[in-house]
Amino acid sequence: MGDDALPAGPPSAPAEPSRIRRFGRMRIHRGERATRDGDFLNAAIEFERAAWAYEISGEPLAAAEATLELGRCLLYLQHGDRLPALAGRIASLATEAGTSLPPGAYVSLRVWAAILRRGEIEPGPFLHLIRERRRARHAVAPPTPRPAAGGLPVIDGMPPHFLIPPAGVRAPRDDDWGMSADGHWFVRVFDHPSPAQRIEQGSRVIDLGRLLDCPARWEIEKKRVVVKVAADRRGHALIAALRDERRQGEEAVS
């Protein structure tokens, strides 16, 4: 695949944001149609143009989704070595948008970047993410997660290989998180003096897990809230993104 197959800069699209957004949606549609036909080269071109259009119109989440689709095409075209650079683009979108992103979006982008970066080495999680994002784009309404026994929210929509802790993955380097005795979960205890604050902190992690399709559960006890997220790479990336978000907030205050 020659370098001239992918535009090096924004497409020549109309300047009005609404028209640029329509341009991006049209390119996404054409890209998806090309992938269904097995034409990954033309699909890559369409998704790259869509990504630039969404960046111009100030829609980082849509730009990131188009970039994920571009990465899938490059993977099938045997250019997986370009995926880390695309992951860097998504991480930059998160950093540049910062606090203007919707709640949870910063963490989403950081996790997507982490999965994309390893897409050539571990294509399973990456391709699953693409399927989930396509399903979300085309869904009329988001699915309601089913509760586990006892009423604890558990997100179980991931394929089995996500739930197997990969070799070398340990508890994230954060004193707030540990590893469960069975090695299946990253665990954090919220013991804020205010019960409402404890529940709010735990609920946010659960909501982010639901958003990212990461298995998660929590237990509300008398004086603390215990939160668990799956000890796999997506859980690891979620915690790392939460830490980055906290650091970014601390830097903004200082």
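Not measured: the values here are computed from a predicted model.

**Student:** How would you explain helix α2 (residues 40-56) if you had to name every residue and give the values?
**Tutor:** Counted at 1.5 Å a residue, the expected span for α2 with its 17 residues is 24 Å, and the 24 Å between its end C-alpha atoms agrees. Among all positions in α2, only Phe40, Ala43, Ala44, Ile45, Glu46, Phe47, Glu48, Ala50, Ala51, Ala53 and Tyr54 are buried. Phi turns positive one or two residues past the end of α2, at glycine 58, with a value near 75°.

**Student:** I'd like a rundown of the packing of aromatic side chains, residues and numbers included.
**Tutor:** For the coordinates displayed, the defined rule picks out one aromatic pair. Its guanidinium or amino end placed over the ring of tryptophan 52, arginine 89 lies 5.5 Å from that ring's centre, counting from NZ or CZ.

**Student:** Help me get a handle on unusual backbone geometry, residues and values and all.
**Tutor:** Positive phi, close to 65°, is recorded for glutamine 78, a residue that is not glycine. Along the chain, glutamine 78 falls in the loop between α3 (60-76) and α4 (83-97).

**Student:** Residues and numbers for the environment of glycine 58, please.
**Tutor:** Among the structural elements, glycine 58 can be located in the loop between α2 and α3. Separated by 35 residues in the primary sequence, glycine 58 and leucine 93 place their C-alpha atoms 9.8 Å from one another.

**Student:** Could you give an account of the sheet that holds strand β4 (residues 225-230), naming the residues involved and the relevant values?
**Tutor:** The strand order across the open sheet built from four strands is β1-β2-β4-β3, with neighbouring strands paired in antiparallel fashion. If you trace the sheet from one side to the other, it starts and ends with β1 (177-179) and β3 (216-220), each paired once. Ignoring which end each strand starts from, the neighbouring axes of this sheet average 25° apart. Strand direction decides the pairing type here: strand β2 (residues 185-190) and β4, joined by six bridges, are antiparallel. Bridge pairing in β4 links arginine 188 to valine 227.

**Student:** Requested: an account of the nonpolar core, with residues and values cited.
**Tutor:** Ranked by size, the top nonpolar core spans 57 residues in total, and within it Leu68, Ile90, Val107, Leu116, Phe126, Val227 and Val229 carry the most contacts. By residue number, the principal contributor to this core is helix α5 (residues 105-117), which donates nine residues. For leucine 116, the contacting residues outside a window of four places in its chain are Leu68, Gly71, Leu83, Leu86, Ala87, Ile90 and Phe126.

**Student:** An account of the pairing of β4 is requested, with residue identities and associated values reported.
**Tutor:** Walk down a regular strand and you will see the side chains alternate between the two sheet faces. Summarising burial for β4: five of the six residues are buried, a large majority. Note: β3 against β4, five bridges, orientation antiparallel. Residue pairing for β4: arginine 217 is matched across the bridge by lysine 228. Following β3, the chain reverses through four residues before pairing antiparallel with β4.

**Student:** I'd like to hear about the side chain of glutamate 46, residue by residue, with values.
**Tutor:** Mapped onto the fold, glutamate 46 is located in helix α2. Beyond its immediate sequence surroundings of up to four residues, glutamate 46 is in contact with Arg27, Arg30 and Gly31.

How each quantity is defined
Residues numbered from 1 in each chain as written. Predicted model: local features only at pLDDT ≥ 70, side-chain atom pairs only at ≥ 80, totals over all residues. Heavy atoms only, no water. Helix = DSSP H or I, 4+ residues; strand = E, 2+ residues; numbered from the N terminus. Expected span 1.5 Å × (residues − 1). Buried < 20%, exposed > 50% of the residue type's maximum accessible area, 1.4 Å probe, protein only. Phe/Tyr/Trp six-rings, centres within 6.5 Å; stacked < 30°, edge-to-face > 60°. Lys NZ or Arg CZ within 6 Å of the ring centre and 35° of its normal. Pairing = 2+ DSSP bridges. Axes fitted to C-alpha atoms, helices over the stretch in contact; angles between N-to-C directions. Core = buried A, V, L, I, M, F, W, Y, C linked by side-chain atoms within 4.5 Å. Contact = heavy atoms within 4.5 Å.

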